[in-house]
Amino acid sequence: MASFNKVILAGNLTRDPELRYTPKGLAVAKIGLAVNRSWKNEAGETKEEATFIDVEAWGRQGEVIAQYMKKGRPLLVEGRLKLDTWEDKNTKQKQSKLKVVLESFSFIDSNRGEAGGAPAPARSSAPAPASPPAEPAEGDAPPESDDVPF
């Protein structure tokens, strides 16, 4: 059976990113994203709604988001949906929550430098590694020359 799990969202952060580290030292940033939708109803009135989505960013991407982003800033997120389920400790009822696990992202508004904060880098869309990257091998280092071979 074929399956496909891909989400692309653009919205504003609802709170400052919360950066934590696993016991093994892997970073994880939790962010909230508000995605707005507006449309006209049958009477011609403009209606709006906001959808609030929890997003997890792992590894270096989580660290970059926590460093450069704060509440209210716009962000483009690509990722996959994940359903977390657990049993409530008090009521013993099953709980569930749908979230997005970030795979890549782009800063949308990099020119809005604000007092007290540096402007964000223009773009970061590399997929997050599954584990912290190893040191590059000798052949993996970038060339010393600025010459482009084409």
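Quantities reported herein were computed from a predicted structural model and do not represent experimental measurements. (Residues numbered from 1 in each chain as written. Predicted model: local features only at pLDDT ≥ 70, side-chain atom pairs only at ≥ 80, totals over all residues. Heavy atoms only, no water.)

Trainee: How should the pairing of strand β3 (residues 27-40) be read in this particular structure?
Mentor: As a general feature of sheets, a regular strand has side chains that alternate between the two faces. Summarising the sheet, strand β1 (residues 7-13) and β3 pair through two bridges and their orientation is antiparallel. If you follow Asn-12 over to β3, its bridge partner there is Ala-34. Where strand β2 (residues 18-21) lies against β3, four bridges are found, and the strand directions are antiparallel. In the strand pairing of β3, Leu-19 is matched with Ala-29. Here β2 folds back onto β3 in antiparallel fashion, the turn holding five residues, of which Gly-25 has a positive phi close to 95°. As paired strands, β3 and strand β4 (residues 46-58) are joined by 13 bridges and run antiparallel to one another. (Pairing = 2+ DSSP bridges. Helix = DSSP H or I, 4+ residues; strand = E, 2+ residues; numbered from the N terminus.)

Trainee: It is not clear to me how the packing of aromatic side chains should be interpreted in this structure. Could you clarify?
Mentor: Two numbers describe a pair of aromatic rings. These are the distance of the centres and the angle of the planes. The tally for this structure, following the rule as stated, stands at two aromatic pairs. Taking the centre distance of 5.2 Å and the plane angle of 75° together, the rings of Phe-105 and Phe-107 count as edge-to-face. As far as the burial class goes, Phe-105 and Phe-107 line up, both buried. Chaining the aromatic ring pairs together yields one cluster made of Tyr-68, Phe-105 and Phe-107. Positioned over the ring face of Trp-39 is Arg-37, at 4.2 Å from the centre of the ring. (Phe/Tyr/Trp six-rings, centres within 6.5 Å; stacked < 30°, edge-to-face > 60°. Buried < 20%, exposed > 50% of the residue type's maximum accessible area, 1.4 Å probe, protein only. Lys NZ or Arg CZ within 6 Å of the ring centre and 35° of its normal.)

Trainee: What exactly am I supposed to notice about the nonpolar core here?
Mentor: Soluble globular proteins: nonpolar side chains tend toward being buried together. Counting 19 residues, the largest nonpolar core has Leu-33, Val-55, Ile-65 and Leu-75 as the members making the most contacts within it. Mapped by element, the contributors of at least two residues to this core are β1, β3, β4, α1 (59-68), β5 (74-87) and β6 (94-107). Not counting residues up to four positions away in its chain, the partners in contact with Leu-75 are Leu-9, Ala-10, Gly-11, Leu-13, Ile-31, Leu-33, Ile-65, Met-69, Phe-105, Ser-106, Phe-107 and Ile-108. (Core = buried A, V, L, I, M, F, W, Y, C linked by side-chain atoms within 4.5 Å. Contact = heavy atoms within 4.5 Å.)

Trainee: In this structure, what is going on with the environment of Gly-11? I would like to understand it.
Mentor: Within the secondary structure, Gly-11 is located in strand β1. Residue classification places Gly-11 among the buried positions, given a relative accessible area of 9%. Once the C-alpha coordinates of Gly-11 and Ile-108 are considered, the two residues, 97 residues apart in sequence, prove to be 9.3 Å apart. Beyond its immediate stretch of four places on either side in the chain, Gly-11 contacts Leu-33, Ala-34, Val-35, Arg-73, Pro-74 and Leu-75.

Trainee: What should I look at first to understand α1 in this one?
Mentor: Residues separated by three or four positions in an α-helix point in the same direction, a consequence of the helix having 3.6 residues per turn. When we look at burial in α1, the residues that qualify are Gly-59, Gln-61, Gly-62, Val-64 and Ile-65. Elements that come into contact with the buried residues of α1 comprise β2, β3, β4, β5 and β6.

Trainee: How should I be thinking about the confidence of the model for the chain in this particular structure?
Mentor: Low-confidence regions, as indicated by low pLDDT, have predicted coordinates that should not be scrutinised in detail. With 73% of its residues at a pLDDT of at least 70, the chain reaches an overall mean of 81. Note that pLDDT drops below 50 for residues 114-150; the model gives that stretch 29 contacts with residues more than four away or on any other chain. (pLDDT = per-residue confidence, 0-100.)

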